[in-house]
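Each chain, written out:
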Amino acid sequence: MPPLQDANAPSTQDPNPDASNPSGPPPIAVPAPRQPPPETQESVWMRRAVISSFWAVVLFLGLPVWWKTTAIYRADLPLQTMTDWADGKICKPVFPLRIAVEAPALLSVDAQHLIRTTQHALDDLNEFSAHHLRLMLADSPWTANISQQVVSDGMRISAKDEDIALSIRLVPVETGTTPRSHLQQYSPTLDVYYTANQLPPPSSTSSPLATFIANELHKMFAEEQALLAYLLSTTSGAHTAKIKSLSPDTTADLERQSTRALKYAPTYHLTFSLFSPTSVPSAWEIESALRQYLSPLLESFAAINNFTVDTQVQLYAGFSPSIRQPEYDDTLKAWTLRKEDLSGFINAAEWPLSPSIGIGPTVNFVLYVPDPSQSPLLVKENGGNSWLIPQWGGVLILNPALSTNSPTILTTLTTDALAPAMHTFSNQLLSLLGLPQTPHSLPLRLSTLKRVRAASLLFSASSTLGALARLTRALPSIPIPDKVAISVHLTTDHLQQACNNLREGRFQGALEHARIAEAEAEKAFFERSMVGQVYFPDEHKVAVYLPLLGPVAVPLVMAALKEVKTRNKRPRDILRCATDAVYSISSCSPVLLYYDGANRFRVALLGCPIHTSKLAVLPNTARLRNCKWALVPQESQAHLFAMSLSAESVQTVKSILDGVTAESKTGVPGLVFIAVDRNGKTLVEHASGTRSLNSKEPMDMETMFWIASMTKIVATIACMQLYEEGKMPLDDSEFVKKYAPEISKKKVYADGVTPMEQEKGVTMRMLLSHTAGFGYSFWDPRVNMQGRPIGIEEFHGDVEDILESPMVNQPGSMWEYGINIDWAGIILERVTGLKLGAYMEKHIFEPLGITGMTMFPTKEEQKNMAASHQRDAEGNVSERNHLYRRVLRAQTKEEQDRIFNSAGAGLFARPNEYVKILATLCNNGTSPTTGRTILKKETVDLMWENQIPNQPDFARNGPPPADPTLANYAPEMYPQEGNPPQGWGLSMFLTIAPGMTGRAANTGWWAGIANLFWWVDREKGVAGIVAGQVLPFGDGKIISAWFGVEKAVYEGLRK
């Protein structure tokens, strides 16, 4: 770069050359060239009138028509009413159960006195005001004698009323223990036997009979009260009445039930499958068995659910290769399967199980008949032959009795042979449908399920309305068609009717209306035109309008500009410095700065608009004051070209985050979001919600998070520093073999069972790009198959879990997410002699000015830590034990030295500190705040190179995770329209094509298992992080918030 000329140096050029040579030869006369005749004033005004008329047509006719035809239609929605439904301000659900008491042997006055006494005792026992039992005297169906006949007083009801929850029949006896009761199994009837001396005297307020009946009713409906109390406690703002407190054991049991049961649907598709590893049995009398054993049960559910049934037979159905083969047990005298193999018993790859078809979910029931040579086949731990698969179905192993004369299985399973299986499948179906376990009467349990389903549908529809209202407010640019408004009005109408029916004790009607309300609410929320607009921003309209409006706009604009330039044209001479130096930057070159004499520097960019910056923002300007132009110093460019975010976008970011955290147990307890530009400037930051579900401490910028796999990019930076120093080659397998000989000795278990030799050596490039062959135990079941009986747990802080973990793919053959970078961290420690955390502190955190990142948070830092949470299958969030808790307990150096410094998941950080690393990567390896360089630009470019170009769909249609409590199944990691090729750099996902949020091509991003996400857009100079602490990974609420806030950032970005 040529040096600047001193502005105060004397000029060597004579400003008047003619005056210095007065005695030169006389000038030679040169004829002046002919000029065109000047334009007349009339023609000038005619041209301007024509241009103005075109502009008038565009402004007063074209633009209004265009605006009208392209305006977004938004139907009016009752947003406040929708929010009030979600907050529980409109409907306070109550559950009044009417109980008919039949007392034919008592006079009306005595029966009424007994009912009042029993009601008082029952009310004293009730701790749940929303659920109450109301006793009423019923007209007895029994024939009374003359002495028992009384005239009805108008306070009786019919015991056959369909809204009667239970009928109590008082039967006087003279023998046996009294009072006693008998609940009929297939009728909602309780028979109570008593003697005359147990009736309450007219002046008494209590009696043994009244107390007995009250206690029996309280026990009978205890589980229903617990179910409703649990449902109300997990619903935001749904109920303000006194809620029955539940014991921890009861709560845990109800959580297990909710996790096991299917989500409610009006219709379920039942599939019964017969599988055999041989050619027999080839037929079964399934239709007869279903009619005899299952049809009566399904008919009893008619008021709650509908069912369709399908059957199939599959012969030669072998076991899944992921489980151990059966072993013979001499104690049980049977072949056995291990309990841990039951989860992989279903051979989904070869068994043609029915998927979810039609409008309802599929419930699978598998009947497996083993090979006679392996019969009987039982579960080793409990000797059982059946098990339930939560939210999926059930499995039963049928071991037919074999004759000594003919030790083969019959070719046809008869109805009688299928009876045990049908009984087992019936019990499994009841569990999957969420039927309560008590009381013993099936009609009572069904009526309880009816009330629970009505309440849950009412709460779900109300919550969906609230979410739609928040979405409508947060995204004012999405269209709202009239059919959404119609669905919303139908939802509120049916919700009100459902609430009224609940209040009146008409639970069948409440269920019907709640079911319609839920369907209409889902229909409104997932309206296709609205959803499509969320993912396609307004900027995409440019691609449509530019070809139409461009040919018209360009001539008009150019003509107008020409007229303005003609009017204002005057000679200017603004560049008078002798030095002809310019400075190039990445996007617009060259850059030229000149002083305009009005205390301003003007910046001219070739091919870019002119920017203006006040003199005060430029350092070292004293030497530039007397010069008409000068070079822009590199350190000044950040001030000249810094980005900013519009106020509307900042508010949109806050609204999206606050909307998610406002949903209580169905949302997210707390989130932190920060976006920065390549200069380290914070574009927007917002902390929303609380640090934990059970705490009122607000989330703030000082909150520390376990960032889990977001550690990987930091560890990769450390490894690339050694690569720059020549200490860690990327493609030398002998280097890895030298520092990690354990890897070269490992076998490859591609099928999870069979050991194979490695076909090539592992390199550092493979480890940093997840192609070395390692996996994660929570994602790939093959990892744990070789880790048993001890097992593999990568988040335990024990290096042995890494050293003992098997390889599941051939090195370099394919991408699989796993412990690869943990191995890279182990190699780094062996090369440098430093613990990974200490190396990061010295070579990364200190140069970047980072103080809020560590492998071992102190007790003081833990006070500001976000708590860990778990979302269950119903979408509710609860606080859980920290997955990485062993690290948090280690406070002394001795304790910390015994814990593995995980390069894959070991760091804790504050988001406002973590973005310093992202800004440095965005700025090509140099910190924009400290000026320190931790990586060369060429090295950062290498990290952004796609390492798996032969796997363009590596993150699509992958297998489901082995542990759904830690990771959700996602058919695609980062969905993009048209399914463009995907890429993976050194430790990060590359969106090779531009993203729908506005991110540029080749943006790098990745995440942490507790649902934290970062991205670095080097082309547009933007980076950010969304931090949460909710398991399992792939949380829909947080991912939607991430997409929303990222989109808002790009929409409001200004330079």
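If you're wondering where the values come from, they're calculated on a predicted model, not measured in any experiment. Note on numbering: residues in each chain are counted from 1, in written sequence order. This being a predicted model, a pLDDT of at least 70 is required before a residue's local features are given, and a value of 80 or more before pairs of side-chain atoms are given or counted; all residues contribute to the totals for chains, interfaces and linings. Only hydrogens and water are set aside; all other atoms, that is, all heavy atoms of the structure, feed into the side-chain values.

A.B. asks: Explanation requested: the overall build of the protein in the structure shown.
C.D. replies: Helix and strand definitions here come from DSSP, where helices need a minimum of 4 consecutive H or I residues and strands a minimum of 2 consecutive E residues; each element is numbered from the N-terminal end. Counting its regular elements, the protein contains 29 helices and 35 strands. In the protein, buried positions account for 49% of the 1055 residues. It only takes one pair of heavy atoms within 4.5 Å for two residues to be counted as in contact. Once local pairs closer than 6 in sequence are excluded, the contacts in the protein between residues at least 24 apart make up 72%. We get accessible surface area from the Shrake-Rupley algorithm with a probe of 1.4 Å; when it comes to residues, only the shown protein chains can shield them. A total accessible area of about 50200 Å² is found for the protein, and carbon and sulfur atoms account for 55% of it. The cut-offs for exposure are 20% and 50% of the maximum accessible area for each residue type, with area from a 1.4 Å probe on protein chains only; residues under the lower value are buried, those over the upper are exposed, and the others partly exposed.

A.B. asks: Would you take a moment to explain the nonpolar core for this structure?
C.D. replies: A general feature of soluble globular proteins is that nonpolar side chains tend to end up buried together. In this structure, Phe673, Val714, Met764, Trp823, Met853, Tyr914 and Ile917 are the most contacted members of the largest nonpolar core, which totals 136 residues. Not counting residues up to four positions away in its chain, the partners in contact with Trp823 are Ala740, Glu742, Ile743, Lys746, Leu767, Phe774, Ile802 and Leu803. Formed by 111 residues, the second largest nonpolar core is a distinct cluster that contains Ala165, Leu298, Leu446 and Val488. Only buried residues count toward a nonpolar core. Its members are Ala, Val, Leu, Ile, Met, Phe, Trp, Tyr and Cys residues joined through side-chain atoms within 4.5 Å.

A.B. asks: Just to check I follow, could you spell out the side chain of Gln198 for this structure?
C.D. replies: In this fold, Gln198 is placed in the loop between β6 (189-194) and α4 (208-220). Between N or O atoms, a polar contact is any pair within 3.5 Å; within protein, one atom must be a potential hydrogen donor and the other a potential acceptor, and residues adjacent in sequence are included only when both atoms are from side chains. A distance of 3.0 Å separates a polar side-chain atom of Gln198 from the backbone oxygen of Thr178. When residues no more than four places from it in sequence are discounted, the contact partners of Gln198 are Thr178, Pro179, Ser207, Pro208 and Leu209.

A.B. asks: I keep staring at the sheet that holds strand β12 (residues 362-368) and nothing clicks. Help me out?
C.D. replies: Being paired, for any two strands, means DSSP has found at least two bridges between them. Read from one edge of the open sheet, five strands run β9-β7-β12-β15-β14, paired in mixed fashion. Across the chains shown, the open sheet's two edge strands, defined by having one partner strand only, are β9 (306-315) and β14 (386-389). In this sheet, adjacent strand axes meet at a mean angle of 15 degrees when their direction is disregarded. In the sheet, β14 pairs with strand β15 (residues 393-397) via four bridges, with the strands oriented antiparallel. Counted as the bridge partner of Ile389 is Gly393 from β15. Geometry is summarised by axes, namely lines fitted to C-alpha atoms with helices restricted to the contacting stretch, and by angles between N-to-C directions that run from 0 to 180 degrees.

A.B. asks: What is the right way to look at the pattern of salt bridges in this model?
C.D. replies: It is possible for side chains bearing opposite charge to pair when their charged atoms get close. The salt bridge criterion pairs a side-chain nitrogen of Lys or Arg with a carboxyl oxygen of Asp or Glu, the two atoms within 4 Å. Scanning the model with the defined rule gives 35 salt bridges in all. Close ionic contact of Asp123 with Arg134 constitutes a salt bridge, the shortest N to O distance being 3.5 Å. Residue Asp123 is found in helix α3 (residues 108-125), and its partner Arg134 is found in strand β2 (residues 131-139); the two are separated by 11 residues along the sequence. Relative accessible area serves as the criterion here: at 34%, Asp123 is assigned to the partly exposed category. The exposure class of Arg134 is partly exposed, given its relative accessible area of 35%. Lys937 is the salt-bridge partner of Asp941, the closest N and O atoms lying 3.0 Å from each other. Of the two residues, Asp941 and Lys937 both sit in helix α28 (residues 937-943), four residues apart, roughly one turn of that helix. For Lys937, a relative accessible area of 41% gives the class partly exposed. Among the charged side chains, a network of salt bridges with common partners joins Arg98, Asp163, Glu504 and Arg506.

A.B. asks: Teacher, can you tell me more about the sheet that holds strand β10 (residues 327-329) here?
C.D. replies: Sheet strands associate in pairs through backbone hydrogen bonding, adopting either a parallel or an antiparallel arrangement. Read from one edge to the other, the open sheet built from three strands follows the order β10-β11-β13, with strand pairing classed as mixed. Two strands in the sheet have a free side with no partner beyond their single neighbour: β10 and β13 (377-379). Along the sheet, successive strands turn relative to each other by an average axial angle of 50 degrees, direction set aside.

A.B. asks: Please explain empty space enclosed by the protein as it appears in this structure.
C.D. replies: Remark: the empty space left among the atoms is shown by a probe the size of a water molecule rolled over them. Method remark: on a 1 Å grid restricted to protein atoms, a set of points is classed as a cavity if a 1.4 Å probe fits but cannot get out and as a pocket if it is open with protein on both sides within 12 Å along at least five of seven lines; lining residues have an atom within 4 Å of a point. Grid points are joined across faces, edges and corners, and a volume is the space filled by probe spheres set on the points. Within this structure, the stated rule accounts for five cavities of 30 Å³ or more. Forming the boundary of the second largest cavity are Leu122, Asp123, Asn126, His131, His132, Leu133, Leu217, His218, Phe221 and Gln225. Where the lining of the second largest cavity is concerned, the elements lending two or more residues are α3, β2 and α4. Top contributing element to the lining of the second largest cavity by residue count: β2, with three residues. Amino acid classes used here: Ala, Val, Leu, Ile, Met, Phe, Trp, Tyr, Cys and Pro are nonpolar; Asp, Glu, Lys and Arg are charged; the rest, including Gly, are polar. Of the residues in the lining of the second largest cavity, the class split is four nonpolar, five polar and one charged.

A.B. asks: Whenever I open this one, the confidence of the model for the protein confuses me. Can you help?
C.D. replies: Interpretation of this model should avoid reading the predicted coordinates in detail wherever pLDDT is low. Considering every residue of the protein, the mean pLDDT works out to 83; 83% of them sit at 70 or more. Note: pLDDT gives the predictor's confidence per residue, expressed from 0 to 100. Contacts of residues 238-242 to residues separated by more than four positions or lying in other chains number 13 contacts, the stretch itself having pLDDT below 50.

A.B. asks: Quick question: what am I supposed to make of the packing of aromatic side chains here?
C.D. replies: Here the distance between the centres and the angle between the planes together describe a pair of aromatic rings. In this scheme Phe, Tyr and Trp rings, the latter by its six-membered ring, pair at centre separations within 6.5 Å, and the angle between planes marks the pair as stacked below 30 degrees, edge-to-face above 60, and tilted otherwise. Evaluated as defined, the whole model comprises 43 aromatic pairs. Aromatic side chains Phe673 and Trp1015 sit 6.3 Å apart centroid to centroid with 10 degrees between the ring planes, which places their arrangement in the stacked category. Of this pair, Phe673 sits in strand β22 (residues 670-677) while Trp1015 is found in strand β32 (residues 1012-1017), placing the two residues 342 residues apart along the sequence. Here the two residues Phe673 and Trp1015 agree in accessibility, since each one is buried. When the ring of Tyr817 is compared with that of Trp1006, the centres are 5.0 Å apart and the planes differ by 70 degrees; the resulting orientation is edge-to-face. With Tyr817 in the loop between α21 (799-803) and α22 (820-832) and Trp1006 in strand β31 (residues 1003-1008), the pair connects residues that are 189 residues apart, well separated along the chain.

A.B. asks: Help me out: how do you make sense of the packing of α3 against α4 in this one?
C.D. replies: Helix packing geometry: the angle between the two helix axes and the distance between the axes. Packing of α3 against α4 leaves a shortest axis separation of 8 Å and a crossing angle of 45 degrees. In this view, α3 runs oblique relative to α4, as classed from their interaxial angle. Here α3 and α4 pass one another in a crossing that is right-handed. Where α3 approaches α4, its residues Leu114, Thr117, Thr118, Ala121, Leu122 and Leu125 are matched on the opposing element by Leu209, Ala210, Ile213, Ala214, Asn215, Leu217 and His218. The residue makeup of the contact of α3 with α4, split by class, is nine nonpolar, four polar and no charged. Oblique is the label for every angle not falling under 35 degrees (roughly parallel), over 145 degrees (roughly antiparallel), or within 65 to 115 degrees (roughly perpendicular). Take the far helix as the reference: if the near one is turned anticlockwise from it by less than a right angle, the crossing is left-handed, and if turned clockwise, right-handed.

A.B. asks: In this structure, what is going on with unusual backbone geometry? I would like to understand it.
C.D. replies: Leaving glycine out, the prevailing phi sign among residues is negative, and the prevailing peptide bond configuration is trans. Here the bond from Ser375 into Pro376 is cis, since omega is 5 degrees, no more than 30 degrees from zero. Along the chain, Pro376 turns up in the loop between β12 and β13. Following Thr438, the chain continues to Pro439 via a peptide bond in cis, the omega torsion being 0 degrees. Turning to its location among the elements, Pro439 is positioned in the loop between α8 (415-432) and α9 (442-474). You will see that His770, though not glycine, has its phi angle at about 60 degrees, which is positive. Overall, His770 belongs to the buried group, its relative accessible area being 0%. Not every positive phi belongs to a glycine, and Asn924 is a case in point at roughly 65 degrees.

A.B. asks: How should the environment of Met853 be read in this particular structure?
C.D. replies: Positionally, Met853 belongs in strand β25 (residues 853-854). Separated by 12 residues in the primary sequence, Met853 and Glu841 place their C-alpha atoms 8.5 Å from one another. With near-sequence residues (within four places) excluded, Met853 lies in contact with Ile707, Val714, Glu841, Phe845, Leu907, Phe908, Ala909, Glu913, Tyr914 and Ile917.

A.B. asks: Sorry if this is basic, but what is going on with the side chain of Thr491 here?
C.D. replies: Among the structural elements, Thr491 can be located in helix α10 (residues 482-504). Overall, Thr491 belongs to the buried group, its relative accessible area being 0%.

A.B. asks: Help me understand the pairing of strand β11 (residues 334-337) in this model?
C.D. replies: Side chains on a regular strand alternate between the two faces of the sheet. The sheet contact formed by β10 and β11 spans three bridges and is antiparallel. By the bridge assignment for β11, Glu327 is matched with Thr336. The loop that links β10 with its antiparallel partner β11 comprises four residues; one of these, Lys333, has a positive phi angle of about 55 degrees. Here three bridges tie β11 to β13, and the two strands are oriented parallel to one another. The residue of β13 that forms the bridge with Trp335 is Leu377.

A.B. asks: What is the right way to look at α3 in this model?
C.D. replies: With 18 residues, α3 ought to run about 26 Å at 1.5 Å a step, and its terminal C-alpha atoms sit 26 Å apart, in line with that. Along α3, the positions that sit buried rather than exposed are Ser108, Ala111, Gln112, His113, Leu114, Ile115, Thr117, Thr118, Gln119 and Leu122. One less than the number of residues in a helix, times 1.5 Å, gives the span that helix is expected to have.

A.B. asks: Please clarify how a nonpolar patch on the surface should be interpreted in this entry.
C.D. replies: Patch membership requires more than 30% relative accessible area and the absence of a salt bridge. Residues of like charge join within 9 Å; the nonpolar side chains Val, Leu, Ile, Met, Phe, Trp and Tyr join within 5 Å. The grouping of Val554, Val557, Met558 and Leu561 at the surface amounts to a nonpolar patch, some 360 Å² of accessible area in total. Following the sequence through the fold, Val557 ends up in helix α13 (residues 541-568).

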